Amino acid sequence: MLFGIYSLLSAGIFVGLDAVDVAFTEAAVGGGISTILMLGALSLIGKKQEAGHSNAGMAVVIVTLTGAMLIYGTLDFPGFGHPEAPVHQHVAPRYIEQSPQEVGVPNMVTSVLASYRGYDTLGEVAVIFTAGIGVLTLLSGRRRHKKKNPGS
Amino acid sequence: MEHHLVLRVVAKLMVPLILLFALYVQFHGDYGPGGGFQAGVIFGAGFILYGLVFGVDRAHRVATPGVLIAFAAAGVLLYAGVGVVSLLLGGNYLDYGVLSHDPVHGQHLGILLIELGVGTTVASVMITLFYAFAADADMEFTDDEEANE
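Given the structure is predicted, the values throughout are model-derived calculations rather than measurements.

Each value, and the rule that gives it
- Numbers given for residues are sequential positions, taken from 1 along each chain in its written order.
- Whichever chain is written first is A, and whichever ligand is written first is 1; the rest continue in order.
- Owing to the predicted nature of the model, reporting of local features is limited to residues with pLDDT of at least 70; listing and counting of side-chain atom pairs is limited to 80 or more, with chain, interface and lining totals taken over all residues.
- Each side-chain value is derived from all of the structure's non-hydrogen atoms; neither hydrogens nor water enter the calculation.
- Helix numbers and strand numbers start at the N terminus; a helix is a DSSP run of H or I with at least 4 residues, a strand a run of E with at least 2.
- Multiplying 1.5 Å by the residue count of a helix minus one yields the expected span of that helix.
- The buried label applies to any residue whose accessible area, calculated with a 1.4 Å probe on protein chains only, is under 20% of its type's maximum; exposed applies above 50%, and partly exposed to all values in between.
- In this analysis, two residues are considered to be in contact whenever any of their non-hydrogen atoms come within 4.5 Å of each other.
- Planes of paired rings set the category: under 30 degrees apart is stacked, over 60 is edge-to-face and the rest tilted, where pairs are Phe, Tyr or Trp rings (Trp by its six-membered ring) whose centres lie within 6.5 Å.
- Axes here refer to lines fitted to C-alpha atoms; in helices the fit is confined to the stretch in contact. Angles between the N-to-C directions go from 0 to 180 degrees.
- Any angle that falls under 35 degrees is termed roughly parallel, while one over 145 is termed roughly antiparallel, one within 65 to 115 roughly perpendicular, and all others oblique.
- Asp, Glu, Lys and Arg are counted as charged, while Ala, Val, Leu, Ile, Met, Phe, Trp, Tyr, Cys and Pro are counted as nonpolar; the rest, among them Gly, fall into the polar class.

Asks: Which residues make up helix 1 (residues 5–27) of chain B, and what values do they have?
Replies: The end-to-end C-alpha distance of helix 1 of chain B is 34 Å, a good match for the 33 Å that 23 residues give at a rise of 1.5 Å each. All of the buried residues along helix 1 of chain B are Arg8(B), Ala11(B), Val15(B), Ile18(B), Ala22(B), Val25(B) and Gln26(B).

Asks: Run through the environment of Glu102(A), naming residues and quoting values.
Replies: Within the fold, Glu102(A) resides in helix 5 (residues 92–102). For Glu102(A), a relative accessible area of 29% gives the class partly exposed. If sequence neighbours within four positions are ignored, Glu102(A) has contacts with Arg94(A), Tyr116(A), Val104(B) and Gln107(B).

Asks: Run through helix 4 (residues 65–88) of chain B, naming residues and quoting values.
Replies: All names here are of chain B. For helix 4, spanning 24 residues, the distance from its first C-alpha to its last is 34 Å, which sits close to the expected 34 Å at 1.5 Å a residue. Looking at helix 4, one finds that the buried residues are Leu68, Ala72, Gly75, Val76, Tyr79, Val82, Gly83 and Ser86. Positioned one or two residues after helix 4, glycine 90 has a phi angle of 100°, which is positive.

Asks: Now, about the packing of aromatic side chains: what can you tell me, with residues and values included?
Replies: With the rule as written, the count across this model stands at five aromatic pairs over all chains. For the pair Tyr50(B) and Phe54(B), a centre-to-centre distance of 4.8 Å together with 35° between the ring planes defines the contact as tilted. In this pair, Tyr50(B) and Phe54(B) are both assigned in helix 2 (residues 36–54), four residues apart and thus about one turn of the helix distant. Phe54(B) sits in the buried class, given a relative accessible area of 9%. Put simply, the rings of Phe24(A), Phe21(B) and Tyr24(B) pair up and form one aromatic cluster.

Asks: Please set out the packing of helix 5 of chain A against helix 6 (residues 108–116) of chain A residue by residue, giving values where relevant.
Replies: All names here are of chain A. The interhelical angle for the contact between helix 5 and helix 6, taken along N-to-C directions, is 85°, at an axis separation of 10 Å. The angle between the axes of helix 5 and helix 6 places the two elements in the roughly perpendicular class. Contact with helix 5, carried on its side by Arg94, Tyr95, Ile96, Gln98, Ser99 and Glu102, involves Met108, Ser111, Val112 and Tyr116 of helix 6 and no other residues of that element. When the residues that make up the contact of helix 5 with helix 6 are grouped by side-chain class, the tally is five nonpolar, three polar and two charged.

Encoded structure:
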C-alpha cells in the first residue's frame, strides 16, 4: 500500500517537473501493477515470518556508511538544473535541435527512446521478456512440486 | 466473487475503456505522452482488473497462458525484426530511415512498429505474471481451506 502511495506521489512530482511520460509510467507501473504483484506475492508467502537472528547493528553501520559515501559522491555534481552540466552539453542539444527534422515525431521522448536509443529499448524489452520467463519458471516449478506431494 | 454486484458492474464498464485508452496511448505515443511500455502496462492492468473481479479462470478463457507467451516472444521478435529489415534494406541495425523512401516517414513507420512490439511484450508479460501469482494464490487458499477442515 505504501509503495503504491509513494509511486503516485512521485508521479505527481514528475508531472511537476514536466516529465509527463515518466509520470505516466510511474503511475501505471508503480501505482498499479507492482502494487498488485506485491499483494500477490504477499498472499503467496503467507503472513508469518520465521524469527531470524539478524545482526541489526552491523546492518545499520553498513547502510550508514553506504549512504554517507553516496552523499559524498553527489558533492561533485553540478548544481540541479545547471545549464553547463555535461548532461545538457553532450547529445541533448542535438536531440532537441535535430529530432524534428530527422525523426519528425512531435513527442521528443518517443523519438529519443525509440529511434536514437533504439538499442537501449530493445534491451529493455528483452529484459522484460526474460524476467517474465524467469518468474514463470520459478513459480511453475513450485506448483509441480506441490502436485507431486499432495500429502504434505 | 459472485456477490460483489457493484464491483462487477463497474468493472464491466471500466475494462473496455481501459483497453481502449491503452490502444490510444499505444498509437498516439508519437504525438502525446505515452508509448509502447505505458500502453502495455495499461492493457495488462485492464486484463488484471477483469481477472481480479471475474476470476482468473474466465480471464484464462480470453487470453490463454500459451497465447500470452507466444505474444511476448512475438513482441521482441517484431522489434528485432524491424532492425533486421533495416539491415537488409541497406541501413544500420534499427536505422528506420531506410524503411521508406522518405527517411522521416521511415522513422514514423519504424517507431510505430517497435512500439507495437514493446506494447505486445509488456502487456503479455504483465498478464502472465499476474496469472502465475494468481494461480498459486488460489492453490494457497484451497490448501488453507482443506487444512481448516
